[in-house]
Amino acid sequence: MDKTVERSGFCPSWGPLPDFLNPPPLPGDLKVKRAKAPSGVGMWVVSDYHLARRILSDKRFSRSLAAGPEGAKMGITDPSPESIISMDGQEHAKLRRLVAGTFTQSRIAELQPFVETLVAELLDDVASQGPQGDLVSGLAAPLPIHVICHVMGIPLEDRQYFAGHVAVLFDLTDAPGDGKDRTLSLIRYMTSLIARKRREKKRGTDLISALIEACDSDGKLTNRAMVTLCLAILTAGYETTVDQISLTMLNLLSRPENADALRNNPSLIPQFTEDALRTNPSVTTTFARMATEPVEVAGLTIGAGEAVIVDVLGANYSLAELESHDSLRPMHLTFGYGVHRCLGAHLAKIQLIAAIRGVLTRLPPVSLAEDIRALEWKTGHATRGLNRLLVSW
């Protein structure tokens with residue numbers, strides 16, 4: 001990255017974090033420690049970059065075991081045991097192969113004009129209401145739901161419904177009734193949409209249509225599995241991206257010199273995006289994994305049946321300690337690592353890059369409209385993010 005752009009650094013305000021991550025780890029803190037998740041379950045928390053990569057790639061730490069009936073849950077909104085996020089081995093690999101083609105870098109690159117047009121329309125709307133606007137309600141919230149629904153083939157008129165229902169699934173507070181009701185509503189809707197698409201004589205090129213073809217042609221996927229897979233992709237592609245856009249905008253605007261440098265040299269935007277993902281991630285932790293046998297980690301023994309999670313904030317922080325000027329800089333863990341690395345990483349990145357370019361080019365030079373210490377953060381969610389980000393020009 002060009003020296004004229006100061007590295008983002010960790011955000012001056014972390015916002016509310018789960019108790020076991022608050023405060024964020026500092027150099028010299030324990031790399032592995034015991035803590036209690038919001039569900040009350042005891043877990044090992046790993047906050048060292050290299051140890052985190054080892055945990056996430058070690059088959060002795062099982063997602064399916066943690067997602068099972070006797071598994072370790074983070075909260076009431078943990079993914080279903082039937083979700084791709086909760087699977088191991090061949091079962092996981094089979095489902096991942098079915099959808100991987102939709103999320104390749106080349107396929108996602110084809111969406112760039114669509115995403116950039118959306119960003120332009122949203123920001124023109126924000127500008128028309130000036131001289132102050134909210135980049136959460138005006139940009140960060142509507143952009144990802146339009147993009148993921150477009151990829152999946154969900155009708156335009158249903159996208160607001162999804163935005164309202166998906167958000168509650170990331171709530172870690174003790175409100176099981178609302179979460180379960182909205183989950184059942186989403187399942188009913190997705191079942192109905194798949195049935196409707198299956199009746200269409202001419203199918204589109206969207207993800208749901210492709211999965212129907214796979215299901216009908218060789219029985220690789222049951223209807224129930226297809227519904228679960230579609231909901232997993234929808235939920236994973238929405239809330240995390242909403243929050244990451246808001247946090248990336250915060251990184252951009254809390255350091256005006258960075259915005260000036262990027263405006264003068266847009267080729268630096270992709271690297272700035274990677275820095276924002278590393279230093280200010282919306283994802284605080286991975287889902288839990290359970291040890292299938294005793295495993296020694298950093299001189300400690302994680303017993304069979306004990307749960308472990310990776311503190312993404314801490315692991316990324318320790319990565320900053322390791323960074324050099326080498327071109328082969330290790331990749332941050334915001335999108336995970338190993339076989340469960342986020343399928344939608346490229347999709348999230350093109351939205352972040354388009355959002356940054358849009359704010360720098362479609363709006364007059366903007367600045368934060370309120371003190372960074374007065375920002376309105378989301379609380380009780382599995383992801384970090386802002387309820388609003390007011391800017392003025």
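Residues numbered from 1 in each chain as written. Predicted model: local features only at pLDDT ≥ 70, side-chain atom pairs only at ≥ 80, totals over all residues. Heavy atoms only, no water.

Novice: Help me understand the side chain of T279 in this model?
Specialist: Here T279 lies in helix α13 (residues 269–279). Here T279 falls in the buried class, since its relative accessible area comes to 1%. Among the polar contacts made by the side chain of T279, one reaches the side chain of N251 at a distance of 3.3 Å. At a separation of 2.8 Å, a polar atom in the side chain of T279 contacts the main-chain carbonyl oxygen of D275. (Helix = DSSP H or I, 4+ residues; strand = E, 2+ residues; numbered from the N terminus. Buried < 20%, exposed > 50% of the residue type's maximum accessible area, 1.4 Å probe, protein only. Polar contact = N/O pair within 3.5 Å; in protein donor to acceptor, adjacent residues only side chain to side chain.)

Novice: Is there a simple way to explain the sheet that holds strand β9 (residues 367–368) in this structure?
Specialist: What holds strands together in a sheet is hydrogen bonding between their backbones, with the strands either parallel or antiparallel. One open sheet holds the 3 strands; their spatial order is β4-β10-β9, and the pairing between them is antiparallel. At either end of the open sheet lies a strand with only one pairing partner, and these are β4 (132–134) and β9. The sheet contact formed by β9 and strand β10 (residues 390–392) spans 2 bridges and is antiparallel. Its bridge partner being in β10, S367 is matched across the sheet by S392. (Pairing = 2+ DSSP bridges.)

Novice: Looking at this structure, how should I read the pairing of strand β1 (residues 32–36)?
Specialist: The side chains of a regular strand alternate, first on one face of the sheet and then on the other. In this structure, β1 lies alongside strand β2 (residues 42–46), joined through 5 bridges in antiparallel fashion. Of the residues in β2, the one forming a bridge with V32 is V46. Between β1 and β2, which pair antiparallel and follow one another directly, the connecting turn spans 5 residues, one of which, G40, has a positive phi of 95°.

Novice: Is there a simple way to think about unusual backbone geometry in this case?
Specialist: Among all residues save glycine, negative phi is the norm, and among peptide bonds the norm is trans. Here G130 and P131 are connected by a cis peptide whose omega angle stands at 15°. Mapped onto the secondary structure, P131 falls in the loop between α5 (112–128) and β4. Located in the positive-phi region is A298, a residue other than glycine, with phi close to 55°. The residue A298 is located in the loop between β6 (295–297) and β7 (300–302) in this model.

Novice: What should I look at first to understand the environment of M331 in this one?
Specialist: Residue placement: M331 occurs in the loop between α14 (312–322) and α15 (345–362). Distance in space between the C-alpha atoms of M331 and R278 is 8.5 Å, their sequence separation being 53 residues. In this structure, M331 is in contact with Y49, E274, L319 and R341, ignoring residues within four places of it in sequence. (Contact = heavy atoms within 4.5 Å.)

Novice: Quick question: what am I supposed to make of the packing of helix α7 (residues 142–152) against helix α8 (residues 159–166) here?
Specialist: The N-to-C vectors of α7 and α8 enclose an angle of 115°; their axes lie 10 Å apart at closest approach. It follows that α7 is roughly perpendicular to α8 by the angle criterion. For the element pair α7 and α8, the recorded crossing hand is right-handed. Together, I145, H146, C149 and H150 of α7 and R159, F162 and A163 of α8 make up the contact between the two elements. (Axes fitted to C-alpha atoms, helices over the stretch in contact; angles between N-to-C directions. Parallel < 35°, antiparallel > 145°, perpendicular 65-115°, else oblique. Left-handed = near helix turned anticlockwise from the far one by under 90°.)

Novice: Before we go on, may I ask you to explain helix α3 (residues 89–100) in this structure?
Specialist: One turn of the α-helix equals 3.6 residues, which is why residues spaced by three or four share an orientation. With 12 residues, α3 extends 16 Å from end C-alpha to end C-alpha; this agrees with the ideal 16 Å at 1.5 Å per step. Within the span of α3, buried status applies to H92, L95 and V99. Taken around the axis of α3, the buried residues stretch over an arc of 70°, which confines them to a single face. The exposed set on the far side of α3, more than 90 degrees from its buried face, consists of G89, Q90 and R97. (Expected span 1.5 Å × (residues − 1). Arc of directions from axis to C-beta.)

Novice: Quick question: what am I supposed to make of the sheet that holds β1 here?
Specialist: With mixed pairing, 5 strands are arranged side by side in an open sheet as β1-β2-β8-β5-β3. The sheet is open, and its two edges are formed by β1 and β3 (61–62), each paired on a single side.

Novice: Would you mind going over the environment of R341 with me for this structure?
Specialist: Here R341 shows up in the loop between α14 and α15. Take R341: its relative accessible area is 24%, and that puts it in the partly exposed class. Sequence-wise, R341 and I85 are 256 residues apart; in three dimensions their C-alpha atoms are separated by 9.9 Å. Residue contacts for R341: discarding those within four places in its chain leaves R96, M331, F335 and G336.

Novice: In this structure, what is going on with the nonpolar core? I would like to understand it.
Specialist: Nonpolar side chains in soluble globular proteins generally cluster together in the buried interior. By size, the foremost hydrophobic cluster in this structure holds 80 residues, and its most contacted members are M152, I154, M190, L234 and L252. Take this core: its biggest share by element is 16 residues, from helix α11 (residues 223–253). Discounting residues that sit within four places of it in the chain, M190 has contacts with M152, I154, F162, I208, V227, C230, L231 and L234. Counting residues in hydrophobic clusters, the runner-up holds 18 residues, among them I55, I302, A315 and L333. (Core = buried A, V, L, I, M, F, W, Y, C linked by side-chain atoms within 4.5 Å.)

Novice: What's the story with the side chain of N251 in this structure? I'm lost.
Specialist: Within the secondary structure layout, N251 lies in helix α11. Within polar-contact distance, the side chain of N251 engages the side chain of N280 at 2.8 Å.

Novice: Please explain the packing of aromatic side chains as it appears in this structure.
Specialist: We describe a pair of aromatic rings using the distance from one ring centre to the other and the angle between the two ring planes. Under the criterion given, the structure shown has 1 aromatic pair. Across from the ring centre of W44, 5.0 Å away, lies the NZ or CZ of R34, which sits over that ring. (Phe/Tyr/Trp six-rings, centres within 6.5 Å; stacked < 30°, edge-to-face > 60°. Lys NZ or Arg CZ within 6 Å of the ring centre and 35° of its normal.)

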